[in-house]
Amino acid sequence: MFDKLEIIEERYEQLNELLSDPDVVSDPNKLREYSKEQSDLQKTVDVYREYKQHKETIAESTEMLGDTDDKEMIMMLKEEISDSEKKIPELEKSLKVLLIPKDPNDDKNVIMEIRGAAGGDEAQIFAGDLFRMYSRFAENQGWKTEIVESTQSEHGGFKEISFLIVGQGAYSKLKFENGAHRVQRVPETESQGRVHTSTATVAVLPEVEDVEIEIRNEDLKIDTYRSSGAGGQHVNTTDSAVRITHLPTGTVVTSQDEKSQIKNRERAMKVLKARVYDLKQQEAQKEYADQRKTAVGTGDRSERIRTYNYPQSRVTDHRIGLTLQKLDQIIEGKLDEVIDALTISEQTEKLEELNNASF
């Protein structure tokens, strides 16, 4: 553990020197890369240095105790030792959390896809409710939401909708939403007031860079056509909608929400790259399918992760056994309490793997 912390501190100092190097300062790409790396290490280094300072205080004060008979000095030194000893365990805990390997996708934008599943019209209405919930959550975080593709339902909501959320750390917070969401409520179309159960599925994909996945032009089939969605006369009289098919995987993405064919193509390519990358990741992880599941589940989209019970104003996350009587707040985008609990659960799970490590 100490060896790793020492390496991190040494790398941090090296980055300080690199960021002062004229060759790096004149290279925007290197400057951005090194600045981000330094920023990522900053908190770990700060906590580690505070930890070392308290350890040094204990060692120095203990040594001084043996060299003095002054009662006032002895009392002061003992107080310093006591204060530092109280802070050490909390700092150790913080360092262990900071040393948990970070998900490389955490800082990325996300592409979310919501589909009405079991429950017919009510499932599609619920898909619309989920889209609004995530849109408001994104707005509260200062993030931007862009619709890529949507198919509206006749009775409200969406049969399916794909959208991009642009914001620092979007994936780190929204990755836990991957799975099947269940709603229990009386549908507006239900004349006898019976509670129905419906589901919608949510897929959360990190936006990927070109360096992470290669999509060859010869593997793509690109069609343009007239948009049939909302947008007015312009989109309905020009071939602005785009359909891209990735021939090797059969992945198909369409985008028609923008009036510009170029913008629709850009958005469709973002989704296509994310889906193909996700397919490759799933294939690579198949061999680990039988390993122990984490506290927040497998991430399988067929897995029921959360229930929204309207009659009792209750939201339950089944992965961690969390129940909150705050449905009205959560469905309006106030997801922080749920997401924080899931993050802590994941960290706790990973910390168990470090329990054998000692300082």
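This report concerns the structure included in the present document. (Residues numbered from 1 in each chain as written. Predicted model: local features only at pLDDT ≥ 70, side-chain atom pairs only at ≥ 80, totals over all residues. Heavy atoms only, no water.)

## Some words on the overall build of the chain
Scanning the chain from terminus to terminus reveals ten helices and eleven strands. Counting all 359 residues of the chain, 40% fall into the buried class. Summed over its atoms, the accessible surface of the chain is roughly 20,300 Å², and 46% of this surface lies on carbon and sulfur atoms. (Helix = DSSP H or I, 4+ residues; strand = E, 2+ residues; numbered from the N terminus. Buried < 20%, exposed > 50% of the residue type's maximum accessible area, 1.4 Å probe, protein only. Areas by Shrake-Rupley, 256 points an atom, 1.4 Å probe, with all protein chains shown as cover.)

## A closer look at the pairing of strand β10 (residues 314-317)
For strand β9 (residues 304-309) and β10, the ladder comprises four bridges, and the chain directions are antiparallel. Across the sheet, N309 pairs through a bridge with R314, a residue of β10. What sits between the antiparallel neighbours β9 and β10 is a turn of four residues, in which S313 has the positive phi angle 50°. With three bridges connecting them, β10 and strand β11 (residues 322-324) associate as antiparallel partners. Each residue of the ladder has a partner; that of T316, found in β11, is T323. (Pairing = 2+ DSSP bridges.)

## Let's talk about the environment of T254
Among the structural elements, T254 can be located in strand β8 (residues 251-255). Separated by 13 residues in sequence, T254 and A241 place their C-alpha atoms 7.3 Å apart. Sequence-distant contacts of T254, defined by excluding residues within four places in its chain, comprise V148, E149, Y225, V242 and R243. (Contact = heavy atoms within 4.5 Å.)

## Some details on the packing of helix α1 (residues 2-18) against helix α3 (residues 28-65)
Put simply, α1 and α3 touch, their axes get as near as 9 Å, and they point 130° apart. What the angle tells us is that α1 and α3 run oblique. Crossing angle aside, the handedness with which α1 passes α3 is left-handed. Along its contact with α1, which presents F2, L5, E6, I8, E9, R11, Y12, E13, L15, N16 and L18, the element α3 presents Y34, E37, Q38, L41, Q42, T44, V45, Y48, R49, Y51 and K52. (Axes fitted to C-alpha atoms, helices over the stretch in contact; angles between N-to-C directions. Parallel < 35°, antiparallel > 145°, perpendicular 65-115°, else oblique. Left-handed = near helix turned anticlockwise from the far one by under 90°.)

## Considerations on the sheet that holds strand β1 (residues 110-116)
Sheet strands line up and pair through hydrogen bonds in the backbone, either parallel or antiparallel. Spatial strand order, β2-β3-β1-β5-β4-β9-β10-β11: eight strands in an open sheet with mixed pairing. Looking along the sheet, the strands with just one partner apiece sit at the ends: β2 (144-152) and β11. Strand-to-strand twist across the sheet, computed as the mean angle between neighbouring axes with direction ignored, equals 15°. Relative to strand β5 (residues 196-206), strand β4 (residues 179-185) runs antiparallel, the two sharing seven bridges. Each residue of the ladder has a partner; that of V183, found in β5, is S198. Strands β9, β10 and β11 of the sheet are contacted by helix α10 (residues 336-352), whose axis makes an angle of about 165° with β11.

## Topic: the nonpolar core
The tendency in soluble globular proteins is for nonpolar side chains to be buried side by side. Core analysis: the biggest nonpolar cluster contains 34 residues, and M112, I114, L130, Y134, I165, L174 and Y308 have the highest contact counts within it. Listing elements by their share of this core, those giving two or more residues are β1, α5 (121-141), β3 (158-166), α6 (170-174), β5, α9 (327-330) and α10. If you tally residues by element for this core, the top one is α5, at eight residues. The contact partners of M112, leaving out residues within four places of it in the chain, are Y134, I161, S162, F163, I165, L174, E177, V202, A203 and V204. Counting residues in each nonpolar core, the second largest holds 18 residues, with I215, L272, A274 and V276 among its members. (Core = buried A, V, L, I, M, F, W, Y, C linked by side-chain atoms within 4.5 Å.)

## Side note on the sheet that holds strand β7 (residues 241-246)
The strand order across the open sheet built from three strands is β6-β7-β8, with neighbouring strands paired in antiparallel fashion. Two strands close off the open sheet at either side, each with one partner strand: β6 (220-225) and β8. In this sheet, adjacent strand axes meet at a mean angle of 15° when their direction is disregarded. One ladder, built from five bridges, connects β7 with β8; its direction is antiparallel. Each residue of the ladder has a partner; that of H246, found in β8, is T251.

## Points about α5
A rise of 1.5 Å per residue sets the reference length of α5, with its 21 residues, at 30 Å; its end C-alpha atoms lie 31 Å apart and thus fit the reference within 8%. Where α5 ends, the next residue or the one after it, G142, has phi of about 80°, a positive value. (Expected span 1.5 Å × (residues − 1).)

## Remarks on the side chain of T251
By secondary structure assignment, the location of T251 is in strand β8. Within the structure, T251 has its side chain in polar contact with the side chain of T249 (distance 2.8 Å). Leaving out residues up to four positions away in the same chain, T251 has contacts with I244, T245, H246, L272, R275, V276 and L279. (Polar contact = N/O pair within 3.5 Å; in protein donor to acceptor, adjacent residues only side chain to side chain.)

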